[in-house]
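Coordinates in review
The lines below spell out each chain.
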Amino acid sequence: MTESQSFWPVECAQGEPDLFVCLTCFDEVFRAKMPVDGCPSCGAIAAFEPFSLDAIREWGTENLIQKAEHLPSSSNPGSDQPASSI
């Protein structure tokens, strides 16, 4: 994905899940943010739900787990690049 994408920030309380997974394609995950224009893989809007990394490891695909593990921590605000750009 070469174009810049806008995100809605999502505030997550300490201890609450902060990884937002697209429940339509199960291929995109973002930490403490959601894409304004929908999922970059499938285009779904409002299809993101929060999960912990442990939960994603239980049911996620190998690709989704790898993306989630490589996201910067929410205490370290990174660029607005989706996990798929890894």
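Reading the values: the criteria
- Throughout this document, residue positions are counted from 1 along each chain, in the order its sequence is written.
- Predicted model: local features are reported for residues with pLDDT of at least 70 only, side-chain atom pairs are reported and counted for 80 or more only, and whole-chain, interface and lining totals are derived from all residues.
- No hydrogens and no water enter the side-chain calculation; it runs on all heavy atoms of the structure.
- Exposure classes here rest on a 1.4 Å probe applied to the protein chains alone. A residue is buried below 20% of its type maximum, exposed above 50%, and partly exposed in between.
- Working definition: helices are DSSP H or I runs of at least four residues, strands are E runs of at least two. Numbering for both runs from the N terminus.
- The arc refers to the directions leading from the helix axis to the C-beta atoms.
- When checking whether two residues touch, look at their non-hydrogen atoms; a contact exists if any pair is within 4.5 Å.
- One side-chain nitrogen of Lys or Arg within 4 Å of one carboxyl oxygen of Asp or Glu is enough to make a salt bridge.
- Centre distance within 6.5 Å is the pairing criterion for rings of Phe, Tyr and Trp, where only the six-membered ring of Trp is used; planes under 30 degrees apart are then read as stacked, over 60 as edge-to-face, and the remainder as tilted.
- Throughout this description, the term charge over a ring refers to an Arg CZ or Lys NZ atom that lies within 6 Å of the ring centre and within 35 degrees of the ring normal.

Quick notes on helix H2 (residues 62-69)
When H2 is considered as a whole, its buried residues turn out to be Leu-64, Ile-65, Lys-67 and Ala-68. Buried residues of H2, viewed axially, fall in a sector of 160°; they line one side. Summarising the contacts, the buried residues of H2 are in contact with strand E2 (19-22), strand E3 (29-31) and helix H1 (53-59).

With respect to the pattern of salt bridges
Overall, the coordinates contain five salt bridges when judged by the stated rule. Note that Asp-54 is salt-bridged to Arg-57, the shortest N-O span being 3.5 Å. Separated by three residues within a single helix, Asp-54 and Arg-57 lie in helix H1, roughly one turn from each other. By relative accessible area, Asp-54 is classed as exposed at 52%. Note on Arg-57: relative accessible area 41%, which makes it partly exposed.

Side note on the environment of Gly-15
Note on placement: Gly-15 falls in the loop between strand E1 (7-9) and E2. Sequence spacing of Gly-15 and Ser-52 is 37 residues, and the spatial spacing of their C-alpha atoms is 9.1 Å.

A short note on the packing of aromatic side chains
For any pair of aromatic rings, geometry is given as the distance between the ring centres together with the angle between the planes. Summed over all chains, the structure comprises four aromatic pairs. Ring centres 5.0 Å apart and planes at 65° place the aromatic pair Phe-51 and Trp-59 in the edge-to-face group. For Trp-59, a relative accessible area of 35% puts it in the partly exposed group. Following the ring pairs from residue to residue traces out a cluster consisting of Phe-7, Phe-30 and Phe-48. The ring of Phe-7 carries the charged tip of Lys-33 above its face, separated from the ring centre by 4.3 Å.

Nothing here speaks to function; it is geometry throughout.
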